Amino acid sequence: MHGKLFDKERLGYCYQCGKCSSGCDINRLDPSFQPHRFLHLISMGAGARLLKDEGIWKCTTCFACSERCPQGIRVTEILWLARAMAVASGFVPDLVANQRDALLRTGRLIPVDNRKRERAGLPQIQEEPSLAARIFEMVRKH
Amino acid sequence: MRYAFYPGCAMPVKALKYEISTRSLARKLGIELVDVPEFGCCGYPAKSMDFHVALIMAARNLALAEERNMDIVGACTGCVATLSEAKEYLEDGDLRSEVNKKLKALGVKEFTGRVRVRHFARILIEDYGLERLRKEVVNPLGSLEFGVHYGCHYMRPARAHEYFDDPSNPVTLDRLITSAGAKSIDYTNKNLCCGLTIMGISEDTGLRLAAEKLECLSERGVDAMVVACPSCCIAYENNQKLAGRTLGKAFNVPVLYFTQVLGLALGLSERELGFEFNRIKSDKITGSLIL
Ligand code: SF4
Ligand code: SF4
């Protein structure tokens, strides 16, 4: 299904022009981060190597590269998928582990402070703590 | 004008001034923002964990709005982009029917694709109209100069946002600010990302990104920076000191939400605009309040 969304064959259209990397501000500040190298690995069928690569977590998801790619490759989205695959294979950065815990426990990323909201004259937020856990479970079972 | 208001996770906790000023501005303009208590997480954080989980989370919110026959209006660029992207993915019929089965199990009606998802700034332009907005201005902000920061997800991915603004040279927020009579400057790194998403992963790089923009705006001497997303505000306001340190500088750049700027021009009060929650105070800004 990811194939359909991200058009796997399209990945073969990457001609390594490097436009994704040259427009990337993370690459500018940290030259070891090179999105076009990730694309190279994936199109060579060596995407599995990315899963252990801490580099995939350095992307800010700014979508600048996706907009720039002359071949219409959704670079940001592909790196994002690589992260999810890394997590599925057990490579989970602390930040993501914490976020997952928060989602599973509270259904949200940031816990609500309804008292503070009341003082600010804002309506109460109804929490549904088990919602995310139910969705994770549903997908796991599938 | 009536919309399902999607607050997300960050705004209701970390950006009270944004929520207060958005609701006040909408009320003032006769735009009805309806709360939907069942709305959950937009799915953004789950995208780094499981594609399907994230998609179901997003689809559930889309379907809840459809059940109520309302379009969604959000104010967090991350939420708006995530929900819009999900809507685009779900144009795929097979994926949609698979997701709809899950929604049924969650007790939600199916998602058909008819709901629209837009940022509050966008509906002000597309549905309310700049001309009409200009007529509401009672306090033209001619003496104030702002540096607008769009935030990456405000207009990207452009396809998911129906190309409503230019992905590399956006203009819509500038137009809103100038409609309020204020000046919105052009500056070199207008397109730079706030860096907040990588805090906790590569903190130095994240702070450097924020610092570069703050440095530019500080040198230009703007009265404030203007943002349209809670994450961007955290990066530039809450983290301003930390960001400054990466360049050995101490910045003092006030950060306002665009809703606060528009509210000022429309004569709303300090309280209605949540100014008590702004951390970097500016006498010039509060001095321009007429209430
Ligand atoms: S911009 Fe597109 S074609 Fe060029 S290297 Fe990057 S992914 Fe490949
Ligand atoms: S989305 Fe990631 S890889 Fe692409 S330009 Fe932005 S930071 Fe770089």
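Residues numbered from 1 in each chain as written. Chains lettered and ligands numbered in written order. Predicted model: local features only at pLDDT ≥ 70, side-chain atom pairs only at ≥ 80, totals over all residues. Heavy atoms only, no water.

(A) The pattern of salt bridges, seen in detail. According to the stated counting rule, one finds 28 salt bridges over all chains in the structure shown. Measuring nitrogen to oxygen at the nearest pair gives 3.0 Å for the salt bridge that ties Arg28 of chain A to Asp25 of chain A. In this pair, Arg28 of chain A and Asp25 of chain A both sit in helix α4 (residues 25–29), 3 residues apart, roughly one turn of the helix. Judged by relative accessible area, Arg28 of chain A falls into the partly exposed class, the value being 43%. Note that Glu215 of chain B and Lys249 of chain B form a salt bridge whose closest N and O atoms lie 2.5 Å from each other. Of this pair, Glu215 of chain B sits in helix α10 (residues 203–220) while Lys249 of chain B sits in the loop between α12 (240–246) and β8 (255–257), and the two are 34 residues apart along the sequence. Judged by relative accessible area, which is 23%, Glu215 of chain B ranks as partly exposed. (Salt bridge = Lys/Arg side-chain N within 4 Å of Asp/Glu carboxyl O. Helix = DSSP H or I, 4+ residues; strand = E, 2+ residues; numbered from the N terminus. Buried < 20%, exposed > 50% of the residue type's maximum accessible area, 1.4 Å probe, protein only.)

(B) Representation of the confidence of the model for chain B in the model. Summing up the model confidence of chain B, the mean pLDDT is 97 and the portion of residues at 70 or higher is 100%. Quick note on the complex model: pTM equals 0.96, ipTM equals 0.95. (pLDDT = per-residue confidence, 0-100.)

(C) Just the packing of aromatic side chains, in detail. The tally for this structure, following the rule as stated, stands at 10 aromatic pairs over all chains. Pairing Phe51 of chain B with Tyr89 of chain B gives two aromatic rings, centres 5.6 Å apart and planes at 50°, and the pair type is tilted. One end of the pair, Phe51 of chain B, is in helix α3 (residues 51–67); the other, Tyr89 of chain B, is in helix α4 (residues 77–89), with 38 residues separating them in the sequence. Judged on exposure class, the residue Phe51 of chain B and its partner Tyr89 of chain B are both buried. Note on Phe120 of chain B and Phe258 of chain B: the rings are 6.4 Å apart at their centroids and 45° apart in plane angle, and the pair reads as tilted. Residue Phe120 of chain B is located in helix α6 (residues 120–128), and its partner Phe258 of chain B is located in helix α13 (residues 258–265); the two are separated by 138 residues in the primary sequence. Taken together, the ring pairs connect Tyr18, Phe120, Tyr257 and Phe258 of chain B into an aromatic cluster. The side chain of Lys47 of chain B reaches across the aromatic face of Trp80 of chain A, ending 3.6 Å from its centre. Note that Arg132 of chain B overlies the ring of Tyr128 of chain B, its terminal NZ or CZ placed 4.1 Å from the centroid. (Phe/Tyr/Trp six-rings, centres within 6.5 Å; stacked < 30°, edge-to-face > 60°. Lys NZ or Arg CZ within 6 Å of the ring centre and 35° of its normal.)

(D) Summary view of the environment of Ala64 of chain A. Looking at the element boundaries, Ala64 of chain A is found in helix α6 (residues 64–68). Taking relative accessible area as the criterion, Ala64 of chain A reaches 16% and is therefore assigned buried. When the C-alpha atoms of Ala64 of chain A and Gln16 of chain A are compared, they prove to be 17 Å apart, with 48 residues separating the residues in sequence. Ignoring anything within four residues of it in the chain, the contact list for Ala64 of chain A reads Gly23 of chain A together with Arg156 of chain B. (Contact = heavy atoms within 4.5 Å.)

(E) Molecular detail of the site of ligand 1. Residue and element names in this part refer to chain A. Cys14, Cys17, Gly18, Cys20 and Cys69 are the nearest of the 13 residues found near ligand 1. At the level of secondary structure, the elements contributing two or more residues to the shell around ligand 1 comprise α3 (19–22) and α5 (35–43). Taken together, the residues of the shell around ligand 1 sort by class into 8 nonpolar, 4 polar and 1 charged. (Near = heavy atom within 4 Å. Nonpolar A, V, L, I, M, F, W, Y, C, P; charged D, E, K, R; others polar.)

(F) Broad picture of the interface of chain A and chain B. Taken together, the 53 residues of chain A in the interface contact 58 residues of chain B. Interface area, chain A with chain B, both sides summed: about 5,000 Å², of which 68% is carbon and sulfur. For the interface between chain A and chain B, the tally reads 4 salt bridges. Note that Arg117 of chain A and Glu19 of chain B form a salt bridge whose closest N and O atoms lie 2.7 Å from each other. If one sorts the elements of the side of chain A that touches chain B by residue count, helix α10 (residues 131–141) of chain A sits on top with 7 residues. (Buried area = accessible area lost by both parts, 1.4 Å probe.)

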